[in-house]
Amino acid sequence: MSNQSAAAGVGLAGVMAHCGGSPVAAVELLVAAIAAAPAAMEPYTALAELWRERRSELQQSLAEDGSSSAVLAQAYFLFLEGNGTTR
């Protein structure tokens, strides 16, 4: 996926998260965009914004979701919170 395709995924995720869609579906789209174009900053920024805006809803929903997207998103959210560990 190119950066342009990642940007399209970010746009679609925004619609999913904010226009009556599903924030969890938005997270899945953003994680896919990150995996496909890891150097593109837009998906990371959108994921961080979604975390700030819908934290409580995402915490509950992602805790119940065992998908790889949920696990990767939770890891990024821990990083944003400064709870990551380094060795």
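Above: the structure in question.
Here the structure is a predicted model, which is why all the values come from computation and not from measurement.

Scoring rules and cut-offs
Residues numbered from 1 in each chain as written. Predicted model: local features only at pLDDT ≥ 70, side-chain atom pairs only at ≥ 80, totals over all residues. Heavy atoms only, no water. Phe/Tyr/Trp six-rings, centres within 6.5 Å; stacked < 30°, edge-to-face > 60°. Helix = DSSP H or I, 4+ residues; strand = E, 2+ residues; numbered from the N terminus. Buried < 20%, exposed > 50% of the residue type's maximum accessible area, 1.4 Å probe, protein only. Expected span 1.5 Å × (residues − 1). Contact = heavy atoms within 4.5 Å. Axes fitted to C-alpha atoms, helices over the stretch in contact; angles between N-to-C directions. Parallel < 35°, antiparallel > 145°, perpendicular 65-115°, else oblique. Left-handed = near helix turned anticlockwise from the far one by under 90°. Nonpolar A, V, L, I, M, F, W, Y, C, P; charged D, E, K, R; others polar.

With respect to the packing of aromatic side chains
In step 1: Tallying each qualifying case throughout the model produces three aromatic pairs.
In step 2: Judged by centre distance (4.1 Å) and plane angle (10 degrees), the rings of Trp 51 and Phe 77 are stacked. Pair noted here: Trp 51 is in helix H3 (residues 42-64) and Phe 77 is in helix H4 (residues 68-81), with a separation of 26 residues, a long-range link. An identical accessibility class is assigned to Trp 51 and Phe 77; each is buried.
In step 3: Summarising the aromatic geometry, the rings of Tyr 76 and Phe 79 are spaced 6.1 Å apart at their centres and angled 25 degrees between planes, so their arrangement reads as stacked. Linking Tyr 76 with Phe 79, this pair stays in helix H4, spanning three residues, or about one helical turn.
In step 4: An aromatic cluster of at least three residues, connected via ring pairs, comprises Tyr 44, Tyr 76 and Phe 79.

A short note on helix H2 (residues 23-36)
In step 1: The first and last C-alpha atoms of H2 sit 20 Å apart over 14 residues, in line with the 20 Å expected at 1.5 Å per residue.
In step 2: The set of residues buried in H2 consists of Pro 23, Val 24, Ala 26, Val 27, Leu 30, Val 31, Ala 33 and Ile 34.

What to know about H4
In step 1: Here H4 contains 14 residues, and its C-alpha end-to-end distance of 20 Å stays within 8% of the 20 Å for a straight helix at 1.5 Å per residue.
In step 2: Elements in contact with the buried residues of H4: H2 and H3.
In step 3: Immediately beyond the C-terminal end of H4, within one or two residues, lies Gly 82, with a positive phi of roughly 80 degrees.

Regarding the packing of H2 against H3
In step 1: Running from amino to carboxyl end, H2 crosses H3 at an angle of 140 degrees, the nearest separation of the two axes being 9 Å. It follows from the interaxial angle that H2 and H3 lie oblique. By crossing handedness, the relation of H2 to H3 is classed as left-handed. Where H2 approaches H3, its residues Pro 23, Val 24, Ala 26, Val 27, Leu 30, Ala 33 and Ile 34 are matched on the opposing element by Pro 43, Tyr 44, Ala 46, Leu 47, Leu 50, Arg 54, Glu 57, Leu 58, Ser 61 and Leu 62.
In step 2: For the contact of H2 with H3, the residue count by class is 14 nonpolar, one polar and two charged.

The analysis is restricted to geometry; functional conclusions fall outside its scope.
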